Amino acid sequence: MFIEIRNITKSYNTGKVSIDALKNVSLTMNEGEIGVILGPSGSGKSTLLNIIGGIDHIDSGNVIVDGVDIVKLNDNKLTQYRRNSIGFIFQFYNLVPNLTVYENVEVAANISENPINIDEVLNSVGISEFKNRFPRELSGGQQQRVSIARAIVKKPKLLLCDEPTGALDYTAAKEILKLITEVNKKFATTVIIITHNTAISGIANRIIKLRSGEISENVVNGNVLLAERIEW
Amino acid sequence: MVINKMIKRTIFEYKSQYIGSIILIIISCMLYSSFNIAMLDVQDNLNTFRINNKLEDASFIIQNSITNINQLEEKYDLILEERKSIDYTNEDKSVLRILESTNKIDKYAVISGNPIIGENELLIDKGYAGAHSLAINAQLKINDTTFKIVGYMSTPDYVYPLKSESDMLKSPKSFGVAVVSEKDINKIGKGLNFYSVKFNKDNISEFKSDLSTDNILIQWINKKDNNRISFIDGDMKGGAAIGKVMPIAILILTCILISVVLLRLLKREYLVIGTLYAIGCTKKELVRHYLRYPIIISLIGSFVGTIIGSLLVKPLLSAVTVYYNLPLLIVNFDIKYTILSLILPFIFLIPVTYIVINKALKLSPLQLMRGGNNKTKVSFIERKLNLNRFNFNTKFKIRELCRSLPRAVLMILGVTFASMLLLIGFATKDSMNYMVNNSYSDIYKYNYEYNFNALQIGKVDKGEKRSLSSFTTKLNSKDEDLIIYGVEKDSKLINLVDKNNNVIGFDKVIITKSMSDRYNLKIGQSIKVKNKLNSKEYTIKVDEIAKAYTGNIIYMPLSEFNISNGYPENSYLQIDSAYKLDIPADSLISQTSKKDIIDGYNTMLMPMKYMIGGIAVMAFIIGLIVIYVVTSLVIEENKANISMFKILGYKNKEIYSLILSSNIILVILGYIISIPLIIMSVASFFDVMTKDMNITIPAKLNISSVLISFVIIIITYEISKALNKSKVMKISMADSLKEKRE
């Protein structure tokens, strides 16, 4: 198993109230799979993604990624883990506004030991012609492509996508999903996508549904669709 | 409005930025009120003292005693008094000048203790008494007479106790003044007779002509040329300039600081503002709300600053009156400066912040709710920058610098101002050092200077002859005073060099560089001079300009000097010598040793070291505030980037380097700008200070001072960076995930 999550619990204390974000969550994923985590707001999907990404800590349980229990890692080791193993794609792209497209990808390449050539990455996500533009000079879809380029330039083992199509129109969203599946195939990158959009689960090998911090459904998708084929 | 409740919360949330602004206003108001009120009081004290105690207009030495004082007083409507002084050399080789108590002119004022009533009572200047541990009621033996010190005193003609009226630096360790009764002074010795005069009419020339009819004037010194009297006026002007220029400069800096902080606040609250607009709030209401920030800051700053400033008036006044031997007669809290100090921050801050707020609130509710028009606008400079050849870290830092022009301007101005403040002390010290070295080491090679009280004729066995006289000349349509020295042609004890450091011989007429600069005099130009003592007029042509900064001085061959002035051949008034000579004290006006001058300089440097330290602390605080606030603004603006960098796996050290280190370029730039600015400022400060003095102080700044100041500025920068590191640490990675940007 590439990812093995065992009985994790996570609660947030906000003053007098304690909120259970995740309750005894367990799941597994194989290397190279695309997993889609579905659920309404407040179901705990972002918390789960943050924990897998080494951004958030858990109260109990184990999170084993590529044989390493990241729960046991200290802050420095977690930084190293994010640096070498994880690629992030955000809903609102989170590009550095005063850096060009090329420089935004360089942000990640800069700390990678063996990055892919930036021009090659830009070419593969189809935005090489905009490499000297600034983010605000691009459409939402183009910005998300830059975000993908930034995520994959350091050849991560795991690509974590937080509502990657949430801010995009239908056409742009489908193009981004197509690009993510291409990345998955080309680099054999394991991908986890969290979304509200149930239609996106069509491209997944594994579909996990979360409700109130608990897994309500965890199924292997026997009918994986191409990104172009899914509709909503 | 209910939103006003946000003010307190916002100020507490971003307290460092607002506290920084308040401290700057406090410093500004403190300087403004303390300096202006104290300087006004010093001026009032000085004026009152001069009027009440009848400051002389001039003093003179004449070959034969005047026997018709009453007649002259009546004829010219003036006050004239014969005076006597004896220079008593103490066991520690310090000189105490004993003055005869006067009745009509330059009357003493008792600073503490009692006036002279009985016999063998003596009043002494506090500086000398302090330097020699002489308390009131102590005994002091002068020659064979033992005096009781009955108090400390000041006379209007020795407010700055200098041995010679042309000296520049007082030295309480080596020179002081005392007053005894007329009867007692005769017990001590013969001494030097001189006269002080106060005119009621503009008839100085007629009076001098009258004196010269059947007598010879040896020396005539107008109060303007007497450094003991006039030095304080220059310092008052300097103090007043500091009290006006510095607070305004700090306020301008605060204006920019608060504008940048407010702009950031407005940007942060665009969504709230847009929503408030959308639900019907008017622009007027919102402007009024945001104006409360500068009003609160100004109110706290000006109130606290003015109170502290008012509390500092008395200590400052005491310090000035102790440094200058001046009785403290009046302490007034000038209401004009107190009110101005209270309202000055408002005058500066409110209009500027109003413009900033008004401009920001011009956007439509929709634009505001979307985060404003220029949220991520790419500037022309950013677009045109070609950074391909640099590595990512350098690219990021350069882009960061270009991101916010007001922020960069604030950083540069803040560092420039703090550096200038820091360099003021160093530049003053270096300039004084240069002037003293130039005058007393480079130019004057003798160790002793003997000034006679009557013209001497003939050859001298030891030392070199020199003569001098005061002159007036019309330069730039104004009457200007100058001194002409007659120097032996083969003088070895005076060394003048030209701009190329070539030695100039004394077979020529040489003027000082300071005189050439002040009146734009060039080689070959002629000037008509009039001898102040005998009113003889003649024209001299400038042959050379010497690198000397001691004031309006012309050097010419002694033989020509005597001929031009109608003095006897081979006559002289002064002997310069490398060794101490045995010349009877009663034939001298004064004798000066170079060591005394150097000692005086070192004594004067001591308080200057404290001054440099004090100013450096203030510069450090101002620099720290500005750099800290700008750095915290950089962190705030980069919050999302920092969060994202953390997610991407950047280590804290790498983030500090990217986010916090870019400002080093602005810090260095600000520092470099400050160097020419401080040299220019110090030069004009010295110009104001020495306008009515007989010296020029060239503005100098040594490399060592530049380096020390640079290290201090860099330390300030590093400290503010270190203080901000925790802010970077606190930024959560989760902040980036759901933040809507672009």
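Conventions and cut-offs
Residues numbered from 1 in each chain as written. Chains lettered and ligands numbered in written order. Predicted model: local features only at pLDDT ≥ 70, side-chain atom pairs only at ≥ 80, totals over all residues. Helix = DSSP H or I, 4+ residues; strand = E, 2+ residues; numbered from the N terminus. Rg over C-alpha atoms; globule rule 2.2 N^0.38 Å. Contact = placed C-beta atoms within 7 Å. Buried ≥ 20, exposed ≤ 12 C-beta atoms within 10 Å, placed from the backbone. Nonpolar A, V, L, I, M, F, W, Y, C, P; charged D, E, K, R; others polar. Expected span 1.5 Å × (residues − 1). Bend = angle between axes of the 7 residues up to and from the residue. Pairing = 2+ DSSP bridges. Axes fitted to C-alpha atoms, helices over the stretch in contact; angles between N-to-C directions. Domains from an automatic or database assignment. Left-handed = near helix turned anticlockwise from the far one by under 90°. Core = buried A, V, L, I, M, F, W, Y, C linked by C-beta atoms within 7 Å. Parallel < 35°, antiparallel > 145°, perpendicular 65-115°, else oblique. pLDDT = per-residue confidence, 0-100.

A. Geometry of the overall build of chain A. A count of helical and extended segments in chain A gives six helices and 10 strands. For 232 residues, the compact-globule formula gives about 17 Å, and the C-alpha radius of gyration of chain A, at 17 Å, lands near that figure. Relative to all contacts within chain A whose residues are 6 or more apart in sequence, the contacts with residues 24 or more apart total 69%.

B. Broad picture of the overall build of chain B. The helix and strand tally for chain B stands at 22 helices and 22 strands. Expressed along its principal axes, the backbone C-alpha trace of chain B runs to roughly 100 × 60 × 45 Å. Taking all 742 residues of chain B together, 43% fall into the buried category. Once local pairs closer than 6 in sequence are excluded, the contacts in chain B between residues at least 24 apart make up 85%.

C. Just the interface of chain B and chain A, in detail. Across the contact, 26 residues belong to chain B and 29 residues belong to chain A. Looking at the side of chain B that touches chain A, the elements with two or more residues in it are α13 (392-403), α18 (639-648) and α22 (734-737) of chain B. Grouping the amino acids of the side of chain B that touches chain A by side-chain chemistry returns 11 nonpolar, four polar and 11 charged.

D. Geometry of helix α10 (residues 335-360) of chain B. Residues and elements named next belong to chain B. The end-to-end C-alpha distance of α10, which contains 26 residues, comes to 38 Å, matching closely the 38 Å that a straight helix rising 1.5 Å per residue would cover. I343 marks where α10 bends most, by close to 40°; the proline P345 follows one to four residues later. Taken residue by residue, α10 has Y337, S341, L344, P345, F348, L349, T353, V356, I357 and A360 as its buried positions. The elements touched by buried residues of α10 are α2 (15-52), α7 (227-268) and α9 (283-323).

E. The arrangement of the sheet that holds strand β5 (residues 68-69) of chain A in detail. Residue and element names in this part refer to chain A. Here four strands make up an open sheet; going across it, the order is β2-β1-β4-β5 and the pairing antiparallel. Both outer strands of the open sheet, β2 (17-29) and β5, are each paired with one neighbouring strand and no more. Looking at chain direction, strand β1 (residues 3-14) and strand β4 (residues 60-65) are connected through five bridges and run antiparallel. Its bridge partner lying in β4, R6 is registered against N62.

F. Structural view of the sheet that holds strand β10 (residues 214-220) of chain A. Residues and elements named next belong to chain A. Spatial ordering of the open sheet is given by β6-β7-β8-β3-β9-β10, a layout of six strands whose pairing is mixed. Two strands in the sheet have a free side with no partner beyond their single neighbour: β6 (86-89) and β10. Neighbour-to-neighbour, the strand axes of this sheet turn through a mean angle of 15°, independent of strand direction. One ladder, built from five bridges, connects strand β3 (residues 34-38) with strand β8 (residues 190-195); its direction is parallel. Pairing of I34 across the sheet is with V191, part of β8. Along the sheet, helix α1 (residues 45-52) contacts β3, β7 (158-162), β8 and β9 (206-211); its crossing angle with β8, the most-contacted strand, is approximately 155°.

G. Representation of the environment of N132(A) within the structure. Residue and element names in this part refer to chain A. Mapped onto the elements, N132 comes out in the loop between α4 (118-124) and α5 (140-152). Distance in space between the C-alpha atoms of N132 and V101 is 6.0 Å, their sequence separation being 31 residues. If we skip the residues at most four places from it in the chain, N132 touches T100 and Y102.

H. View of helix α6 (residues 170-187) of chain A. Residue and element names in this part refer to chain A. For α6, spanning 18 residues, the distance from its first C-alpha to its last is 26 Å, which sits close to the expected 26 Å at 1.5 Å a residue. For α6, every residue scored as buried is listed here: A173, K174, I176, L177, L179, I180 and V183. Those residues of α6 hidden inside the fold are in contact with α5, β7 and β8. One or two residues past the end of α6 sits A188, with phi positive at roughly 55°.

I. How the structure looks around the domain arrangement of chain B. Residue and element names in this part refer to chain B. For chain B, the domain assignment lists domain 1 (1-57 + 216-377), domain 2 (64-208), domain 3 (391-439 + 594-734) and domain 4 (448-579). Of note, the centres of domain 1 and domain 3, computed from C-alpha atoms alone, are 21 Å apart. In this complex, domain 1 contributes 26 residues to the contact, which on the side of domain 3 involves 24 residues. Broken down by secondary-structure element, the contributors of at least two residues to the side of domain 1 that touches domain 3 are α2 and α7. Sort the elements by how many residues they give to the side of domain 1 that touches domain 3 and α7 lands first, with 18 residues.

J. How the structure looks around the pairing of strand β2 (residues 78-89) of chain B. Residues and elements named next belong to chain B. As judged from the eight bridges shared by β2 and strand β9 (residues 192-199), these two strands associate in the antiparallel manner. Pairing of L78 across the sheet is with F199, part of β9. Pairing analysis gives five bridges linking β2 to strand β3 (residues 95-100), with the strands arranged antiparallel. Considered in β3, the bridge of Y88 is made with L96.

K. View of the packing of α2(B) against α9(B). All names here are of chain B. Put simply, α2 and α9 touch, their axes get as near as 6 Å, and they point 35° apart. Relative to α9, the crossing made by α2 is right-handed. Of the residues contributing to the contact of α2 with α9, the split by class is 20 nonpolar, 13 polar and one charged.

L. Structural detail: unusual backbone geometry. The backbone of N7(A) shows a phi angle near 45°, a positive value even though the residue is not glycine. Residue placement: N7(A) occurs in strand β1.

M. Fine view of the nonpolar core. Ranked by internal contacts, the top residues of the largest apolar core, which has 242 residues, are V105(A), A149(A), L123(B), A178(B), V415(B), I554(B) and V626(B). Filtering out sequence-adjacent residues up to four positions away, V626(B) remains in contact with L253(B), L257(B), L410(B), M411(B), G414(B), V415(B) and A418(B). Ranked by size, the runner-up nonpolar core spans 12 residues in total, among them F60(B), I61(B), Y195(B) and V197(B).

N. Representation of the pairing of β3(B) in the model. Residue and element names in this part refer to chain B. With respect to burial, β3 is a largely interior element, six of its six residues being buried. Linking β2 back to β3 in an antiparallel pair, the connection comprises five residues, with K93 at a positive phi of about 70°. Where β3 meets strand β8 (residues 175-180), six bridges bridge the pair, whose relative direction is parallel. Bridge assignment links V95 to a residue of β8, and that residue is F175.

O. Representation of the packing of α5(A) against α6(A). All names here are of chain A. Between α5 and α6, the least distance of the axes is 9 Å, while the angle of their chain directions is 15°. Taken as axis vectors, α5 and α6 run roughly parallel relative to one another. Of the two elements, α5 crosses α6, and the hand of that crossing is right-handed. Between α5, through G140, G141, Q144, R145, I148 and I152, and α6, the contact on the second element is made entirely by A172, E175, I176, L179, I180, V183 and F187. Considering only residue class, the contact of α5 with α6 consists of eight nonpolar, three polar and two charged.

P. Summary view of the environment of A640(B). Among the secondary structure elements, A640(B) is positioned in helix α18. Sequence separation between A640(B) and S732(B) is 92 residues; the distance between their C-alpha atoms is 9.2 Å.

Q. Representation of the confidence of the model for chain B. Residues and elements named next belong to chain B. For chain B, per-residue confidence averages 86 on the pLDDT scale, and 95% of positions sit at 70 or higher. Model confidence for chain B, summarised as mean pLDDT per element, is weakest for α22 at 68 and strongest for strand β5 (residues 121-124) at 95. For this predicted complex, the interface confidence score (ipTM) comes to 0.87, while the overall pTM stands at 0.75.

R. Quick look at the environment of S705(B). Residues and elements named next belong to chain B. Take S705: it is sitting in helix α21 (residues 703-730). Note on S705: 19 C-beta atoms within 10 Å, which makes it partly exposed. Put simply, S705 and L422 are 283 residues apart on the chain and 9.7 Å apart in space, counted from C-alpha to C-alpha. In contact with S705, other than residues within four places in its own chain, are F426 and D430.

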